[in-house]
Amino acid sequence: MDIIFDFGVVVFRWEPVALLQTALPEMRLSDREAQKAASEIFQGHQPDADWSVFDRGAVQPNELCARISSRTGWPVEALSRVLAAVPGHLTPKAESVQLIEDCAQGPHQLFYLSNMPAPYADHIDASYSFMSRFLAGIYSSRVGMIKPEPEIFSALDALRGSHERPVFIDDSLANIQAARAHGWTTLHYQSAHQIARELEKIGAFPIGAPHIME
């Protein structure tokens, strides 16, 4: 069975409020202020958002900062620091790495499908040994497409080279719905423990694998 992982939130930490508070300590943003700022900067990762253009690989970091600054009034210098802080923030979740290792014990092929700007995709590939568990995958910035666009699911199917229905794990309901419409089996991520249980239910989690703790 082919198992496809999303990365942000599922495998790697993505907490915009904490990111902004850490990257801009002098602003002393409250949780409420940081949440408002995150909504302005990231726009909920909507398909037409500035950050989604970055996910597509269609803008460089400097241009992205200028676009967001023009739209929101946020200083370019502050936005540049936020972007520079992302690699240090985007750290693997231990329980999700264990889930990947457990799945790799079974007769499965693992893939990834991630909306990920190019600088952060390069950082992930260069930094984490568990990436070797994946046979292959797609970062949005390297193909000029993003989830939930149908074309990116077709591109991953072409990469897999299989007509077998895969299992796709993602935290975004929009992505889950699009993948389901494409014909994939989907698991809506809430935690690694929950995903492990759901994989067990469909016979995709290896018997005897270590239990993932919540």
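What this report covers is the structure whose coordinates are included nearby.

### Remarks on the packing of aromatic side chains
Step number 1: Inspection of every chain in the model, using the stated rule, returns 18 aromatic pairs.
Step number 2: Judged by centre distance (6.0 Å) and plane angle (80°), the rings of phenylalanine 153 and phenylalanine 168 are edge-to-face. Here phenylalanine 153, found in helix α9 (residues 150–160), pairs with phenylalanine 168, found in strand β4 (residues 167–170); they are 15 residues apart in sequence, far enough to count as distant. Here phenylalanine 153 and phenylalanine 168 have matching classes, each one buried.
Step number 3: Here the aromatic rings of phenylalanine 168 and tryptophan 184 are separated by 5.4 Å at their centres, their planes lie at 65°, and the arrangement is edge-to-face. In this pair, phenylalanine 168 sits in strand β4 while tryptophan 184 sits in the loop between α10 (173–182) and β5 (185–188), placing the two residues 16 residues apart along the sequence.

### Describing the sheet that holds strand β3 (residues 136–139)
Step number 1: The strand order β3-β2-β1-β4-β5 describes an open sheet built from five strands, whose pairing is parallel. Every other strand in the sheet has two partners, leaving β3 and β5 as the edge strands with one partner each. Going from strand to strand, the sheet's axes swing by 20° on average, the running direction of each strand aside.
Step number 2: Where strand β2 (residues 109–114) lies against β3, four bridges are found, and the strand directions are parallel. From the neighbouring strand, phenylalanine 111 faces β3, where its bridge partner is alanine 136.
Step number 3: Sheet strands touched by helix α11 (residues 192–201): β1 (2–5), β4 and β5. Its angle to β5, the strand with the most contacts, is close to 150°.

The rules behind each value
Residues numbered from 1 in each chain as written. Predicted model: local features only at pLDDT ≥ 70, side-chain atom pairs only at ≥ 80, totals over all residues. Heavy atoms only, no water. Phe/Tyr/Trp six-rings, centres within 6.5 Å; stacked < 30°, edge-to-face > 60°. Helix = DSSP H or I, 4+ residues; strand = E, 2+ residues; numbered from the N terminus. Buried < 20%, exposed > 50% of the residue type's maximum accessible area, 1.4 Å probe, protein only. Pairing = 2+ DSSP bridges. Axes fitted to C-alpha atoms, helices over the stretch in contact; angles between N-to-C directions. Contact = heavy atoms within 4.5 Å.

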